[in-house]
Amino acid sequence: MRVAIIGLGPSGLMLATLLNKFNIDYFAFNSGKIGKKLLQSGNGKCNISNTNIDIKYYHNNELMKKIINNKNKVFDIFKELDIYTKSDNEGRLYPLSESSQSILDIFMSNINKDKIIDLFVEKIDIKNNKYYINEYGPFDKIAIGLGSIANYKTPYNYNCLNSFKLKFNEFKPSLVGFKLKENTKLISGVRSKASVSLYNDNKLIHSEDGEIIFKDDGISGICIMNLSSYYQHLSNIKNPKIYIDLLKNHKYNSLISVINPKLLKYIESNNLDPNKIIFNIKDTYSLEYAQVSKGGIDIKSLNDNLSLKSDKNVYFMGEIIDCDGVCGGYNLFFAFLTSILVAEDLKNEISN
Ligand SMILES: Cc1cc2nc3c(=O)[nH]c(=O)nc-3n(C[C@H](O)[C@H](O)[C@H](O)COP(=O)(O)OP(=O)(O)OC[C@H]3O[C@@H](n4cnc5c(N)ncnc54)[C@H](O)[C@@H]3O)c2cc1C
């Protein structure tokens, strides 16, 4: 059996590593820098997972509900690959090296470099139940980990998927900042700790604590990016707002040493309540600024083993599947878990 892996992000890298270990013949096709987003993750420190993996941290989580009982497999493989980790007080896992490069190096040292082909996959042809990647082939199985277009400046196409019967949901930015209707130019660059809440149609959708960062025309920060993922999954967006509490129930005689001077001036001159500053959301920033995207292969197109219902020889893994997690290592975890399950299925196919 020969497998084509398409895409060498975290999901393709994990799959290639495991196929190498299982002695399964493969070729991996990737265009652009291998593991580019892995290198960017956790600000270069590689937030590879979280100790609190739970379906509640995933949107569109029907598939995740079915596979989450395999979660320890990810941590077992980390051990097998000698990936030693530490967690912060929110359960975010990082390698002890605090370097994404070291995780990429571990994967690359477990993959046969001769099996990697630098190629933008434009088409996949199917002849006599065999698969051809551009002009390379034949392959018996293909595993697709093309990721999403989040954070890419150049437009990508997913034309190579046209050979398959599947439902593809439009990509939308998730884990991204918000553009606001209010003018925030005067406080652009200001950072502050706050409790933030997303309201839609006057209903509380989600709250988080964390650092907010004002932009010329909007707001960002990890807690805001998490709100954006809830926003993107709203079925009906109506008068969306962000409530910001800068004081979190503390009482102060004076706010001079409590709130950033630029922000305090903005609050005073606009007659705002620092316990409840309300901003009106115009939109999210675009996909090129997002860490992940909502959208991709509709999970109803997939079997529980991540193969396509319309073609059991074709598997999907990672972010190209329409399931997204919040910040904190949940998206890399999803990429790793799905690729481990694909690898196990391919191994079982051979032994049966
Ligand atoms: C700035 C940033 C920070 C992030 N931080 C974190 C974090 O701290 N923790 C976390 O869990 N997640 C984080 N993420 C998200 C995480 O990196 C992604 O969810 C993860 O990389 C998805 O892995 P993947 O293998 O599915 O796809 P990708 O990483 O997107 O890899 C897909 C690969 O396929 C290649 N490709 C695409 N199209 C083609 C084609 N037609 N032919 C050939 N090759 C192709 C791409 O070039 C790429 O190499 C972050 C993302 C970004 C952008």
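As a reminder, the structure under discussion sits directly above these lines.
One numbering rule holds for all chains: residues counted from 1, following each sequence as written. Local features in this predicted model are restricted to residues of pLDDT 70 or higher, and side-chain atom pairs are both shown and tallied only at a pLDDT of 80 or more, whereas totals for entire chains, interfaces and linings draw on every residue. By convention in this description, side-chain values take in all heavy atoms of the structure and omit both hydrogens and water.

Undergrad: What am I meant to see in the site of the ligand here?
TA: The near set for a molecule or strand comprises every residue that places at least one heavy atom within 4 Å of it. Ser11, Asn30, Ser31, Glu319 and Leu332 are the nearest of the 31 residues found near the ligand. Identification of polar contacts relies on pairs of N or O atoms within 3.5 Å, with a donor-acceptor requirement for protein atoms, meaning one able to donate a hydrogen and the other able to accept it, and with residues adjacent in sequence counted only if both atoms are side-chain atoms. Here an oxygen atom of the ligand sits 2.7 Å away from a polar atom, N or O, in the side chain of Asn30. Using the Shrake-Rupley algorithm and a 1.4 Å probe, accessible areas are obtained, with residue cover drawn only from the displayed protein chains. Relative to its free-state accessible area of 1,000 Å², the ligand is covered by the protein chains to the extent of 96%. Only DSSP runs of H or I reaching four residues or more are called helices, and only runs of E reaching two or more are called strands; each is numbered from the N terminus. Counting residues per element, the ones that place at least two in the shell around the ligand are helix H1 (10-21), helix H2 (36-40) and helix H8 (330-351). Ranked by residues supplied to the shell around the ligand, first place goes to H8 with four residues. Considered class by class, the residues forming the shell around the ligand number twelve nonpolar, 16 polar and three charged. Throughout, the ten residues Ala, Val, Leu, Ile, Met, Phe, Trp, Tyr, Cys and Pro are labelled nonpolar, Asp, Glu, Lys and Arg are labelled charged, and all others, Gly among them, are labelled polar.

Undergrad: Explain the pairing of strand S15 (residues 203-214) here, please?
TA: Remember that side chains alternate between the two faces of the sheet whenever the strand is regular. Pairing between strand S14 (residues 191-200) and S15: ten bridges, direction antiparallel. Bridging from a neighbouring strand, Tyr199 pairs with Leu204 of S15. The pairing criterion for strands is at least two bridges between them, as found by DSSP. In this antiparallel pair of consecutive strands, S14 and S15, the connection spans two residues, and Asp201 shows a positive phi of 50 degrees. Relative to strand S16 (residues 218-220), S15 runs antiparallel, the two sharing two bridges. Paired with Phe214 across the bridge in S16 is Ile219. Here S15 hands over to S16 after three residues, the two strands then running antiparallel side by side.

Undergrad: Please clarify how the layout of surface pockets should be interpreted in this entry.
TA: Cavities and pockets were defined on a 1 Å grid built over protein atoms only: a cavity is a set of grid points that admits a 1.4 Å probe from which the probe cannot escape, a pocket is an open set flanked by protein on both sides within 12 Å along at least five of seven lines, and lining residues are those with an atom within 4 Å of any such point. Grid points are joined across faces, edges and corners, and a volume is the space filled by probe spheres set on the points. Computed from the structure, the second largest pocket encloses a volume of approximately 230 Å³. If you go around the second largest pocket, you meet 15 residues; those closest to its centre are Ser192, Lys193, Ala194, Leu246 and Lys248. Contributions of two or more residues to the lining of the second largest pocket are made by S14 and S15.

Undergrad: Help me out: how do you make sense of the sheet that holds strand S17 (residues 241-245) in this one?
TA: Note on sheets: strands pair through backbone hydrogen bonds, and any given pair is parallel or antiparallel. Taken in spatial order, the six strands close into a barrel running S13-S16-S15-S14-S17-S18, and their pairing is antiparallel. Averaged over all pairs of adjacent strands, the angle between strand axes in this sheet comes to 45 degrees, irrespective of strand direction. Here, residues are in contact when the closest pair of their heavy atoms is within 4.5 Å. Angular values range over 0 to 180 degrees, each being the angle between N-to-C directions of two axes fitted as lines to C-alpha atoms, with helices fitted over their stretch in contact. Sheet strands touched by helix H6 (residues 222-232): strand S13 (178-180), S14, S15, S16, S17 and strand S18 (277-284). Its angle to S15, the strand with the most contacts, is close to 150 degrees.

Undergrad: Please clarify how the nonpolar core should be interpreted in this entry.
TA: Inside soluble globular proteins, nonpolar side chains tend to come together where they are buried. Among buried residues, those of type Ala, Val, Leu, Ile, Met, Phe, Trp, Tyr and Cys that are joined through side-chain atoms within 4.5 Å constitute a nonpolar core. Summary of the burial criterion: residues with accessible area below 20% of their type's maximum are buried, those above 50% are exposed, and those between are partly exposed, where the area comes from a 1.4 Å probe applied to protein chains only. Counting 109 residues, the largest nonpolar core has Ile124, Ile133, Ile212, Ile242, Ile244 and Phe316 as the members making the most contacts within it. At eleven residues, the largest contribution of residues to this core is made by H8. Each residue touching Ile242, except ones within four places of it in the same chain, is listed here: Phe178, Leu180, Val196, Ser197, Ile219, Ile224, Leu227, Ile277, Ile278, Phe279 and Ile281.

Undergrad: It is not clear to me how the state of the cysteines should be interpreted in this structure. Could you clarify?
TA: In a disulfide, the sulfur atoms of two cysteines are held together by a covalent bond. Note that a disulfide, as used here, is simply two cysteine sulfur atoms within 2.5 Å. A complete count under the given rule lists zero disulfides for this structure. The thiol sulfur of Cys323 is not disulfide-bonded, and the nearest other cysteine sulfur, from Cys327, lies at 15 Å. Here Cys327 is not cross-linked by a disulfide; its sulfur's nearest cysteine counterpart is in Cys223, at 9.4 Å. Given the relative accessible area of 15%, Cys327 is considered buried.

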